[in-house]
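Fold and geometry: a report
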Amino acid sequence: MHPARARLIHNRPQQCGPVLYWMHRELRARDNWGLLHARHLAAERGQPLAVVFCLARHYPLAALAHFAFLTHGLDETARSLEALGIPFVLLRGEPGQAVAEYAALAKAGLLVTDADPTRPKRAWLAELLSRLQCPAIEVDGRNVVPARRASDKAEYMARTIRPKIQRLLPEFLAPFPTLAAQTLPWHAPRPSADWPALLAEFGPPPEAFPPGETAAASTLAAFLGAGQQGRLARYADDRNTPLDPASSLLSPHLHFGHISAQRIALEVLSSNAPAPAREAFLEQLIVRRELAENFCLHTPNYDSVDAFPAWARATLAKHQADRRPFLATEAQLDSSATPDPLWNAAQRQLLATGHMHGWLRMYWAKQILLWSPDAETALARVLRLNDSLSLDGRDVNGYAGAAWSIGGVHDRPWPERPVFGTVRSMTFSGAARKFDVQAFIDRWTRPRLP
Ligand SMILES: Cc1cc2nc3c(=O)[nH]c(=O)nc-3n(C[C@H](O)[C@H](O)[C@H](O)COP(=O)(O)OP(=O)(O)OC[C@H]3O[C@@H](n4cnc5c(N)ncnc54)[C@H](O)[C@@H]3O)c2cc1C
């Protein structure tokens, strides 16, 4: 592994003892730099490795469907690891505290964990480190170019981070080694895990998106397709067409770490899709996705209007008193009952599948700004709906997407309009010029009772 992926985050005297990998973002056995690094360090020390995961009692805005997606995926990962002789320790409780207690029980000599800049994860980590007696290392297994290496400040827009990432890609876009099986026994006690009961607790996983590493690999294979039959071949032309989108549908798997973005990038590069399609996709998968990580890493209030650039805050304040075409209530938004049939159809797609097409997410969020009394309310509504209903919600991409839509983050000023000011607006008529809006509305409109 490239050494720049890892960072010592807890400097304690070196200790003899087993190695723990605390998995909380990259929930996979395959192509996982944090796990590979922990395995390497354990072998180097002649110590056994165990993977520990703690299921939190509560996670902000997470719904049953998210827990079902998470636990079913985790079940597969736990089996893959056990098959390699790597114990999978499942804990429940407050993660920072529970993992620290298990590390003490196992007399761990070293802890390795995933990097994650979101607030709940930072809080878990702070709690863990306040109790942990052994050294801890954080590994960036999410980004192709590790976020801290790509840039040490909040980037202004894609144009400013793109050259930094592109310059470092040859160094980091390397093939993955295989995770070696383990023969050393794990002596520390392990709490028993009742997987059937756990899986039953959250109900079946969502039908539209089967969870887990195998399902993620199948989604990627279908996207790549054989020859030039996959959606990737159409990506440059059709990715923004919500009716027959060319997009990958990989975001729930990427969010839960069932598949590595680096693996996807390697497969895309070795596919025979046309070069413009590969480039357009890698722009989203690497540049935009890593810009979102950069935003949350370097912007403490990433989910607040304080994160908006000064020009956007000023223009939104100037237009705050503008007359809105309609003032939506939370209930109208929740039940897809606004006067805009396209917005309602997009919301129904989200409610029915746990996913909304990427172009529509921008339109959907911007209409919420138009129908809210102020930008603060609009941002809170977008995040509440996105994070509670999207399978891929509660993700840095969502915080960046919401801040882009409502507050011009990573964007520039546009010609001035009511309510939006110089924040880019999107309109129904603009959507109608792009795709067959009526066909999309018909597809996602509930059949009326006679
Ligand atoms: C208001 C709003 C909310 C959003 N909420 C989320 C969210 O909660 N979770 C989430 O993963 N993405 C979110 N996005 C970003 C983007 O819309 C989704 O990543 C994309 O639609 C997922 O579908 P896909 O996997 O088929 O995308 P593809 O087009 O196939 O792209 C492949 C991958 O690239 C990344 N990507 C694509 N577009 C973006 C982008 N604009 N910014 C950052 N990364 C991107 C994602 O990881 C995506 O899975 C949001 C965007 C907006 C405007």
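Residues numbered from 1 in each chain as written. Predicted model: local features only at pLDDT ≥ 70, side-chain atom pairs only at ≥ 80, totals over all residues. Heavy atoms only, no water.

Focus: helix H12 (residues 275-298)
Applied cut-off: In this text, helices come from DSSP runs of H or I with a minimum length of four residues, and strands from runs of E with a minimum of two, each type numbered from the N-terminal end. By definition here, a helix of n residues has an expected span of 1.5 Å times n minus one. Fitting axes to the seven residues that end at a residue and to the seven that start at it, the angle between those axes gives the bend at that residue.
Counted at 1.5 Å a residue, the expected span for H12 with its 24 residues is 34 Å, and the 33 Å between its end C-alpha atoms agrees. Along its length, H12 reaches its greatest deviation from straightness, about 30°, at Glu-283.

Side note on the nonpolar core
Which entries qualify depends on this criterion: Nine residue types can take part in a nonpolar core, namely buried Ala, Val, Leu, Ile, Met, Phe, Trp, Tyr and Cys, and a core is a set of them joined through side-chain atoms within 4.5 Å. For each residue, the accessible area found with a 1.4 Å probe, counting protein chains only, is set against the maximum for its type, and the residue is called buried under 20%, exposed over 50%, and partly exposed in between. We call two residues in contact when some of their heavy atoms are within 4.5 Å.
In this structure, Leu-20, Leu-81, Phe-88, Tyr-102, Leu-111 and Leu-128 are the most contacted members of the largest nonpolar core, which totals 65 residues. Ranked by residues supplied to this core, first place goes to strand E3 (residues 49-56) with eight residues. When residues no more than four places from it in sequence are discounted, the contact partners of Leu-20 are Leu-49, Ala-50, Val-52, Tyr-102, Ala-103, Ala-108, Leu-110, Leu-111, Val-112 and Trp-186. Judged by nonpolar contacts, the second largest core, of 50 residues, contains Tyr-302, Leu-342, Ala-345 and Tyr-399.

Here's the deal with the site of the ligand
For clarity, the cut-off: Distances are taken per atom, and a residue is near a molecule or strand as soon as one of its heavy atoms is within 4 Å of it. Any pair of N or O atoms that falls within 3.5 Å is considered a polar contact. Within protein, one atom must be able to donate a hydrogen and the other to accept it, and sequence-neighbouring residues count only if both atoms are side-chain atoms. Surface accessibility follows the Shrake-Rupley procedure with a 1.4 Å probe radius. Residue values consider only the protein chains on display as shielding. Only Asp, Glu, Lys and Arg are considered charged, only Ala, Val, Leu, Ile, Met, Phe, Trp, Tyr, Cys and Pro nonpolar, and every remaining residue, Gly among them, polar. How far each domain reaches was decided by an automatic or database domain assignment.
By nearness alone, 26 residues border the ligand, and Tyr-235, Ser-248, Leu-249, Arg-361 and Asn-386 come closest of all. One nitrogen or oxygen atom from the main chain of Asp-392 is found 2.9 Å from a nitrogen atom belonging to the ligand. Between the ligand and Asn-397 there is a distance of 3.2 Å, counted from an oxygen atom to a side-chain nitrogen or oxygen. For the ligand, whose unbound accessible area comes to 830 Å², protein coverage reaches 91%. Listing elements by their share of the shell around the ligand, those giving two or more residues are helix H10 (251-255), H12, helix H16 (358-370) and helix H18 (396-407). Among the residues forming the shell around the ligand, the class breakdown is nine nonpolar, twelve polar and five charged. Both domains that furnish three or more residues to the shell around the ligand are identified here as domain 2 (143-177 + 213-298) and domain 3 (305-443).

Focus: the pattern of salt bridges
Selection rule: The working definition used for a salt bridge is a side-chain nitrogen of Lys or Arg within 4 Å of a carboxyl oxygen of Asp or Glu.
Evaluated as defined, the whole model comprises 28 salt bridges. Across the salt bridge formed by Glu-138 and Arg-7, the nearest N and O atoms sit 3.1 Å from each other. On the criterion of sequence distance, the pair formed by Glu-138 in strand E6 (residues 136-139) and Arg-7 in strand E1 (residues 6-10) is long-range, its members being 131 residues apart. A relative accessible area of 8% means that Glu-138 is categorised as buried. On the basis of relative accessible area, Arg-7 is assigned to the partly exposed category, the value being 34%.

Let's talk about the side chain of Asp-114
Note the cut-off: When charges are counted, Lys and Arg are positive and Asp and Glu negative, with His and the chain ends excluded.
Structurally, Asp-114 can be placed in strand E5 (residues 110-114). In this structure, Asp-114 is buried with no salt-bridge partner, the nearest side chain bearing the opposite charge being Lys-121 at 6.6 Å. Of note is the side chain of Asp-114, whose polar atom sits 2.8 Å from the backbone nitrogen of Arg-25. Reaching out from Asp-114, the side chain makes a polar contact with the backbone nitrogen of Glu-26 at a distance of 3.1 Å. Non-local contacts of Asp-114, meaning those with residues more than four positions away in its chain, are made with Tyr-21, Trp-22, Met-23, His-24, Arg-25, Glu-26, Glu-138 and Val-139.

Details of the sheet that holds strand E2 (residues 19-22)
This is how the line gets drawn: Strand pairing is assigned whenever DSSP identifies at least 2 bridges connecting the two strands. Here an angle of 0 to 180 degrees is reported between the N-to-C directions of two axes, which are lines fitted to C-alpha atoms, with helices fitted over the stretch in contact.
Read across the sheet, six strands follow the order E1-E6-E5-E2-E3-E4 without closing on themselves; strand pairing throughout is mixed. Lying at the two open borders of the sheet, with one neighbouring strand each, are E1 and strand E4 (88-93). Averaged over all neighbouring strand pairs, the angle between strand axes comes to 30°, with direction disregarded. Relative to E6, E1 is paired through four bridges, and the arrangement is antiparallel.

Here we look at helix H8 (residues 213-224)
Helix length check: H8 (twelve residues) gives 17 Å between terminal C-alpha atoms against 16 Å at 1.5 Å per residue, within 8%. Listing the buried residues of H8 in full gives Glu-213, Ala-215, Ala-216, Leu-220, Phe-223 and Leu-224. Those residues of H8 that are buried lie in contact with helix H2 (64-83), helix H9 (235-238), H10, helix H11 (261-269) and H12. Directly after H8, the chain includes Gly-225, whose backbone phi takes a positive value near 70°.

Section: the pairing of E5
Rules: We call a crossover right-handed when, viewed with both strands directed away from the observer, the connection leading from the first strand over the helix to the second proceeds clockwise.
Most of E5 is tucked away: five of the five residues are buried. Along E5, one buried face is formed by Leu-110, Val-112 and Asp-114 and the opposite face, lined by Leu-111 and Thr-113, is buried too. Pairing of E2 with E5 involves four bridges; the strand directions are parallel. Directly across from Tyr-21, in E5, lies its bridge partner Val-112. Each parallel crossover has a hand, and the one from E5 via helix H4 (residues 119-131) to E6 is right-handed.

Comments concerning the domain arrangement of the chain
Threshold: Here the quantity called buried area is the total loss of accessible area, with a 1.4 Å probe, experienced by two parts when brought into contact, counted for both.
Once the domains are mapped, the chain shows domain 1 (3-141), domain 2 (143-177 + 213-298) and domain 3 (305-443). On a C-alpha basis, the centres of domain 2 and domain 3 stand 24 Å from each other. Counting residues at the interface gives 21 residues for domain 2 and 27 residues for domain 3. Note on domain 2 versus domain 3: buried area summed over both sides is about 2,000 Å², and carbon and sulfur give 67% of it.

Overview of the packing of helix H17 (residues 375-389) against H18
Rules: Here a crossing is taken to be left-handed if its near helix is turned anticlockwise relative to the far helix by less than a right angle, and right-handed if that turn runs clockwise.
It is at 10 Å that the axes of H17 and H18 come closest, and there the two elements cross at 145°. Where H17 crosses over H18, the handedness of that crossing is right-handed. Counting all contacts with H17, which are made through Ala-375, Ala-378, Leu-379, Val-382, Leu-383, Asn-386 and Asp-387, the residues of H18 involved are Gly-398, Tyr-399, Ala-402, Ala-403 and Ile-406. Tallied by class, residues from the contact of H17 with H18 come to nine nonpolar, two polar and one charged.

Description of the packing of aromatic side chains
Applied cut-off: Ring geometry is summarised as follows: Phe, Tyr and Trp rings, the Trp one being its six-membered ring, pair when their centres sit within 6.5 Å, and such pairs are stacked at plane angles under 30 degrees, edge-to-face over 60 and tilted between the two.
Applying the stated criterion to the full structure yields 16 aromatic pairs. With centroids separated by 6.2 Å and ring planes inclined at 85°, the aromatic side chains of Phe-223 and Tyr-235 adopt a geometry described as edge-to-face. Of this pair, Phe-223 sits in helix H8 while Tyr-235 is found in helix H9, placing the two residues twelve residues apart along the sequence. You can call Tyr-235 buried: its relative accessible area is 6%. A ring pair is formed by Phe-435 and Phe-440, whose centres lie 6.3 Å apart and whose planes are at 85°; its orientation type is edge-to-face. As far as burial versus exposure is concerned, Phe-435 and Phe-440 are alike and both buried.

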